[in-house]
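If you want the building blocks of each chain, they are given just below.
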Amino acid sequence: MDRVFLMLLPLMLGVILQQNVAMGYIHIRGGVPIKMQVNNKFEPNNPLIEKACANAKHKESCILTLKSFPESKTADMKKLAFLFLNTTKSLGLEIATWVGDKLEDQESMGPGIDQALTDCNDQYTDAMAQLEDSLVAFFSNSYKDVNTWMTTAIKNAESCEESLKKGNAVDVMGNRNKMFVQHCSNALAVVNVLAQTKP
Ligand SMILES: *[C@@H]1O[C@H](CO)[C@@H](O)[C@H](O)[C@H]1NC(C)=O
């Protein structure tokens, strides 16, 4: 089992535990939550979570991710946004480490793939700097800057994906880029809600 899988395990377990809860998601396929049925028997969750994810492009995974944090039950909007940024940073770090290890530990996978992974290594190093900057901006309530840095982090991952395409290596990273972009996009959506709710 690789690190990203292990990292996502709590999320997946959280999903399983919540199968009878509001959203009715029961499993994850390829890292993307699948909504099986709506089963609204009770709603013990923080209503702010729905609000936080209201404008998210990947609304279902946004809600699931936030619900997977025990602290989210009592969190205000700022805390929810932080939890999302923090977990996005963790995911990015896991991916950056994975790419770095893959480059170091493995024999050449062919020049196309090697080049693509080298590009992705650079892009994820950059993306991690954007995440750091985002968190600094976040704590000084500079949500516009968070927007700028997170948008750049998304571009980093997209650029990595482009390199993989060029190197005929789209499968090498599995769904890692997609997951990271999804997390960045969701985190940004929550920050934008926070920015609007600020007096
Ligand atoms: C941020 O994420 C890391 C890694 O998942 C975790 O160990 C840490 O507790 C989180 N920080 C907060 C304040 O929740």
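For every chain, the first residue of the written sequence is number 1, and numbering continues from 1 onward in sequence order. Where totals are concerned, whole chains, interfaces and linings use all residues; where local detail is concerned, this predicted model gives features only for residues with pLDDT of at least 70, and gives and counts side-chain atom pairs only at 80 or more. Each side-chain value is derived from all of the structure's non-hydrogen atoms; neither hydrogens nor water enter the calculation.

Going by the annotation in an unreviewed UniProt entry, the name recorded for the protein chain is Pectinesterase inhibitor domain-containing protein, with Spinacia oleracea given as the source organism.

### A few points about the pattern of salt bridges
Stated precisely, the cut-off is as follows: The salt bridge criterion pairs a side-chain nitrogen of Lys or Arg with a carboxyl oxygen of Asp or Glu, the two atoms within 4 Å. Helix and strand labels come from DSSP, where a helix needs a run of H or I of at least four residues and a strand needs a run of E of at least two; each type is numbered from the N terminus. The cut-offs for exposure are 20% and 50% of the maximum accessible area for each residue type, with area from a 1.4 Å probe on protein chains only; residues under the lower value are buried, those over the upper are exposed, and the others partly exposed.
A complete count under the given rule lists 2 salt bridges for this structure. Across the salt bridge formed by Glu162 and Lys165, the nearest N and O atoms sit 3.5 Å from each other. Here Lys165 and Glu162 lie together in helix α6 (residues 143–166), a separation of 3 residues that amounts to about one turn. Given the relative accessible area of 41%, Glu162 is considered partly exposed.

### Focus: the nonpolar core
Note the cut-off: Buried Ala, Val, Leu, Ile, Met, Phe, Trp, Tyr and Cys residues form a nonpolar core when they are joined through side-chain atoms within 4.5 Å. Contacts: residue pairs with any heavy atoms within 4.5 Å of one another.
Of all hydrophobic cores here, the largest spans 53 residues; its most connected members are Leu66, Met173 and Phe180. Broken down by secondary-structure element, the contributors of at least two residues to this core are α2 (47–52), α3 (59–67), α4 (77–105), α5 (111–139), α6 and α7 (176–197). If sequence neighbours within four positions are ignored, Leu66 has contacts with Ile49, Ala52, Cys53, Ser72, Leu80, Phe84 and Val190.

### Description of the site of the ligand
Put simply, the rule reads: For each residue, the test is whether any non-hydrogen atom lies within 4 Å of the molecule or strand; if one does, the residue is near. Any pair of nitrogen or oxygen atoms within 3.5 Å is treated as a polar contact; in protein, a donor-acceptor pairing is required on top of that, and neighbouring residues in sequence qualify only through side-chain atoms on both sides. With residues, only the protein chains shown are counted as cover, and all accessible areas are computed by Shrake-Rupley using a 1.4 Å probe.
In the region of the ligand, the neighbouring residues are Phe82, Asn86 and Ser90. Measuring from an oxygen atom of the ligand, one finds a side-chain N or O atom of Asn86 at 2.3 Å. Residue Ser90 places a side-chain N or O atom 3.2 Å away from an oxygen atom belonging to the ligand. Protein coverage of the free-state accessible area of the ligand, which is 360 Å², stands at 36%.

### Considerations on unusual backbone geometry
Notably, Asn141 is not glycine yet its phi reads approximately 60 degrees, a positive angle. Relative to the helices and strands, Asn141 is located in the loop between α5 and α6. Of note, the phi angle at Asn168 is positive, near 50 degrees, even though the residue is not glycine. Mapping Asn168 onto the fold places it in the loop between α6 and α7. By relative accessible area, which is 71% here, Asn168 ends up exposed.

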